[in-house]
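As a plain string of letters, each chain reads:
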Amino acid sequence: MGDHTESIQVQFDPAVTTYRKMLDVFWNGHDPTAPMNRQYLSSIFYHSDEQLRAVEETREEHQKSLHKNIITRVKKLDTFYDAEDYHQKYQLNQMAPEVFDLLSLTTGAAIKDSSAAARLNGYISGYGTEDDFEREWEGFGIEDDDVKATIGMRCAAPSERACLLS
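Residues numbered from 1 in each chain as written. Predicted model: local features only at pLDDT ≥ 70, side-chain atom pairs only at ≥ 80, totals over all residues. Heavy atoms only, no water.

(A) Examining the packing of aromatic side chains more closely. In the structure shown here, the tally under the stated rule is 5 aromatic pairs. Ring geometry for Phe26 and Trp27: centres 5.0 Å apart, planes at 75°, overall edge-to-face. A ring pair is formed by Phe133 and Trp137, whose centres lie 5.5 Å apart and whose planes are at 50°; its orientation type is tilted. With Phe133 and Trp137 both in helix α7 (residues 130–137), this residue pair falls 4 residues apart, about one helical turn. The exposure class assigned to Trp137 is buried, which follows from its relative accessible area of 8%. Counting every residue linked through ring pairs, the aromatic cluster contains Tyr123, Phe133, Trp137 and Phe140. (Phe/Tyr/Trp six-rings, centres within 6.5 Å; stacked < 30°, edge-to-face > 60°. Helix = DSSP H or I, 4+ residues; strand = E, 2+ residues; numbered from the N terminus. Buried < 20%, exposed > 50% of the residue type's maximum accessible area, 1.4 Å probe, protein only.)

If you want it as structure tokens, here you go:
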């Protein structure tokens, strides 16, 4: 268990957002000075020299606002391993597992690759705003008011996370 670092791999469209903006969310979304064990260590795995430069520049900028040194590990990505199926969309699976059936997601791979499940998992975890959730809900194609209420209540709850995505 202790020979890995839990992480996510983000795919993004540079026409919609920039790598630097995502790094700003990363630096502001947690305490990069907090010592952690290897499993939960603050880390960035970069893909290119250009990404490495952006990481180093934003780390230096963010460091100026802190009183302790950033200890985030920065390392070139070798291999990314997906988490086990039971970890995929974890909060959604714990709080509204019926969503997977409503979205016709029957395999771990389908759940992992589903943008709709990822968005709903984010909302149920307290990320995003209630207005964003309401705008997106119809596009998910789920006709279940109980599920909408379960996820929407979590989204409407005050959260420091929501302001990161605004």
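Let's pick the thread back up.
(B) Structural view of helix α2 (residues 49–63). Helix length check: α2, at 15 residues, gives a terminal C-alpha distance of 21 Å against a target of 21 Å (1.5 Å per residue), a fit within 8%. Every buried residue belonging to α2 is among Gln51, Leu52, Ala54, Val55, Thr58 and His62, and all of these are buried. Buried positions in α2, seen along its axis, are confined to an arc of 160° and lie on one side of it. Exposed residues pointing more than 90 degrees away from the buried face of α2 are listed as Asp49, Glu50 and Glu60. (Expected span 1.5 Å × (residues − 1). Arc of directions from axis to C-beta.)

(C) Local environment of the pairing of strand β1 (residues 43–46). Bridging between β1 and strand β2 (residues 73–76) involves 4 bridges; their strand directions are parallel. Within β2, the residue paired with Phe45 across the bridge is Lys75. Between the parallel pair β1 and β2, the chain is carried across by α2, and the sense of this crossover is right-handed. (Pairing = 2+ DSSP bridges. Right-handed = clockwise from strand over helix to strand, strands pointing away.)

(D) Structural view of a negative patch on the surface. A cluster of acidic residues, Glu98, Asp101, Glu138, Glu143, Asp145 and Asp146, forms a negative patch on the protein surface. Of all the secondary structure elements, the ones that give two or more residues to the negative patch are α4 (98–102) and α8 (145–156). With respect to the secondary-structure elements, Asp145 resides in helix α8. (Patch = residues over 30% accessible without salt bridge, like charges linked within 9 Å, V, L, I, M, F, W, Y side chains within 5 Å. Areas by Shrake-Rupley, 256 points an atom, 1.4 Å probe, with all protein chains shown as cover. Salt bridge = Lys/Arg side-chain N within 4 Å of Asp/Glu carboxyl O. Lys, Arg positive; Asp, Glu negative; His and termini not counted. Charge placed at Lys NZ, Arg CZ, Asp CG, Glu CD.)

(E) Layout of the environment of Asp31. Here Asp31 lies in the loop between α1 (19–28) and β1. Since its relative accessible area comes to 40%, Asp31 is described here as partly exposed. Residues Asp31 and Leu66, 35 residues apart in the sequence, show an inter-C-alpha distance of 9.7 Å.

(F) Main features of the nonpolar core. Core analysis: the biggest nonpolar cluster contains 17 residues, and Leu92, Val99, Leu120, Trp137, Ile142 and Ile151 have the highest contact counts within it. Of all the elements in the fold, those that place two or more residues in this core are α4, α6 (115–124), α7 and α8. With 4 residues, the top contributor of residues to this core is α6. Filtering out sequence-adjacent residues up to four positions away, Leu92 remains in contact with Pro97, Val99, Phe100, Ala117, Leu120, Asn121, Ile124 and Ile151. Counting residues in each nonpolar core, the second largest holds 9 residues, with Leu23, Trp27, Ile44 and Leu52 among its members. (Core = buried A, V, L, I, M, F, W, Y, C linked by side-chain atoms within 4.5 Å. Contact = heavy atoms within 4.5 Å.)

Such coordinate-based values are descriptive only and should not be taken to indicate function.
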